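Each chain is listed here by its residues.
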Amino acid sequence: MKNRNILVTGGAGYIGSHTVILLIKSGYNIIIFDNFSNSSRESVKRVEKLVDTSITVVEGDIRKREDLQKVFISYKIDSVIHFAGLKAVGESVEKPLKYYDNNVYGTINLCQVMAEHDCKSIIFSSSATVYGDPKTTPIDESFSTSATNPYGKSKLFIEEILRDVYFSDTSWKIVLLRYFNPIGAHASGTIGEDPTGIPNNLMPFISQTAIGKRKYLSIFGNDYDTHDGTGVRDYIHVVDLAKGHVKALDKIHTFNKIMTINLGTGEGYSVLDVVKAFEKVTGKKVPYKIEARRAGDIATCYADPSYAKKVLDWKSEKTLEEMCADTWYWQSQNPNGYQSH
Ligand code: NAD
Ligand code: UD1
């Protein structure tokens, strides 16, 4: 089943770029489709260097039929890995229509063009955010879903749309991957997460504080019902996450139902655990201040990853220390992300 043509929407982005490396190493033919709204061509150049081969890149927007048509006419696409999407929670509250247009309409458009070209195989980037505020942890795939912001709702809506697509035509092969909190970077230090502006997420904020771009980390609350009062999450190395996609793609043709699968480690770490691990591994100080809780945050979120083990034969391997070390290597080699080059 190797040598298949795989369209990777959003393949120039953080998770996409790490996944493309492993897909190429596994023998898949990759076509990256990206509008570069949150990524740069530099990330693709660096991936090409790492895999020592050139990669087909199509600049286009999933909301534009003609952009997608061009790709599907030029290449016989066997499967799509669909990373393209906007992901900033705060911005989604300010600009909900932008998120529904890009994420939901873009996905509908993509699926329509796929169906026209008889390509009915898709792996979708969902998120643990669809579990809302879970009653208990660890969280398995049977937990109820809810979302409080347009970003999270866009993921829920897309999941529902893809379920309906499957029920209308069970020849579709669909995998919904629910990621927990991806962090870390490729061990080469040449590709990693490159957030625009002030980072919203914990790890990029920590690494930018350690390198002196930010004065201190604001810890959003230390009065949660957790072991040290700070929020607990399931941080997963982006390369482990990428491996989960390769496993899903290897097996997608064998599934006889729509699959919903958590990709997490099963371990919960608090904000202070992460700060301490980062300081220990890097020898850098991360000054912090305890501040008020962030609206919309929950106390604890971590996965039950046993279904992924069962159906994909996948489990995460990298430790929190490795995630911190790789993040720091990327950050210290590229203080301004891809812009410095
Ligand atoms: P990213 O922003 O680095 O990558 C997304 C890519 O999609 C970017 O290269 C961007 O330019 C591209 N893109 C966006 N809209 C597009 C459009 N209309 N047409 C074509 N390309 C478009 O984000 P990421 O962290 O790599 O996330 C990938 C996917 O995983 C997203 O769908 C995101 O919502 C989801 N996800 C991410 C996280 C996370 O913490 N990073 C967690 C859960 C789910
Ligand atoms: C956030 C998003 C979620 C998205 C996920 C991955 C919110 C409410 N949720 O999840 O929808 O899928 O990112 O992109 O934005 N923290 C600090 N200081 C900071 C940043 C974070 O203390 O400067 C804390 C948070 O309160 C939380 C933990 O660190 O306890 C992790 O935060 P973050 O990295 O933003 O991820 P999530 O909130 O889990």
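This write-up is about the structure you can find in this document. Source: prediction; values computed, not measured.

## Details of the pattern of salt bridges
This structure, assessed with the given rule, holds 17 salt bridges. One salt bridge in this structure joins arginine 178 and glutamate 159, with 2.7 Å as the shortest N-O distance. Note that arginine 178 is positioned in strand β6 (residues 173-179) and glutamate 159 in helix α6 (residues 150-168), a separation of 19 residues in sequence. Aspartate 313 is paired through a salt bridge with lysine 247; the nearest N and O atoms lie 3.8 Å apart. With aspartate 313 in the loop between α10 (306-312) and α11 (320-333) and lysine 247 in helix α8 (residues 238-251), this pair connects stretches of sequence that are 66 residues apart.

## Re the side chain of histidine 18
Residue placement: histidine 18 occurs in helix α1 (residues 14-25). Engagement of the side chain of histidine 18 in a polar contact is seen with the backbone oxygen of tyrosine 14, the distance being 2.8 Å. A distance of 3.0 Å separates a polar atom in the side chain of histidine 18 from the backbone nitrogen of histidine 186. The residues contacting histidine 18, other than those within four sequence positions of it, are Ala185, His186, Ile191, Gly192, Val238, Val239 and Ala242.

## A few points about the packing of helix α9 (residues 271-282) against α11
Taken N-terminus to C-terminus, the directions of α9 and α11 make an angle of 65°; their axes are 9 Å apart at the nearest point. As for the relative orientation of α9 and α11, their crossing is right-handed in sense. Along the contact surface, α9 presents Asp273, Val274, Ala277, Phe278, Lys280, Val281 and Thr282, while α11 presents Leu320, Glu321, Cys324, Ala325 and Trp328.

## Topic: the site of ligand 2
The full set close to ligand 2 counts 18 residues, and Leu202, Ser218, Arg233, Arg294 and Asp297 are the nearest of them. Residue asparagine 201 places a side-chain N or O atom 3.0 Å away from an oxygen atom belonging to ligand 2. Here a nitrogen atom of ligand 2 and a backbone polar atom of serine 218 are 2.7 Å apart. When isolated, ligand 2 has an accessible area of 730 Å², and the protein chains bury 88% of it. Residue contributions to the shell around ligand 2 peak at four residues, all from strand β8 (residues 217-220).

## Focus on the site of ligand 1
With respect to spatial proximity, 27 residues lie near ligand 1, and among them Ile15, Asp34, Asn38, Ser39 and Lys87 are the closest. Between an oxygen atom of ligand 1 and a side-chain N or O atom of aspartate 34, the distance comes to 2.6 Å. In the environment of ligand 1, a nitrogen atom lies 3.0 Å from a nitrogen or oxygen atom belonging to the side chain of aspartate 61. A total of 830 Å² of accessible area belongs to ligand 1 in isolation, and the protein chains cover 95% of it. Looking at the shell around ligand 1, the elements that each hand over two or more residues are α1, β5 (121-127) and α6. Per-element tally for the shell around ligand 1: the top contributor is β5, with three residues. Classifying every residue of the shell around ligand 1 by side-chain character gives ten nonpolar, twelve polar and five charged.

About the cut-offs
Residues numbered from 1 in each chain as written. Chains lettered and ligands numbered in written order. Predicted model: local features only at pLDDT ≥ 70, side-chain atom pairs only at ≥ 80, totals over all residues. Heavy atoms only, no water. Salt bridge = Lys/Arg side-chain N within 4 Å of Asp/Glu carboxyl O. Helix = DSSP H or I, 4+ residues; strand = E, 2+ residues; numbered from the N terminus. Polar contact = N/O pair within 3.5 Å; in protein donor to acceptor, adjacent residues only side chain to side chain. Contact = heavy atoms within 4.5 Å. Axes fitted to C-alpha atoms, helices over the stretch in contact; angles between N-to-C directions. Left-handed = near helix turned anticlockwise from the far one by under 90°. Near = heavy atom within 4 Å. Areas by Shrake-Rupley, 256 points an atom, 1.4 Å probe, with all protein chains shown as cover. Nonpolar A, V, L, I, M, F, W, Y, C, P; charged D, E, K, R; others polar.

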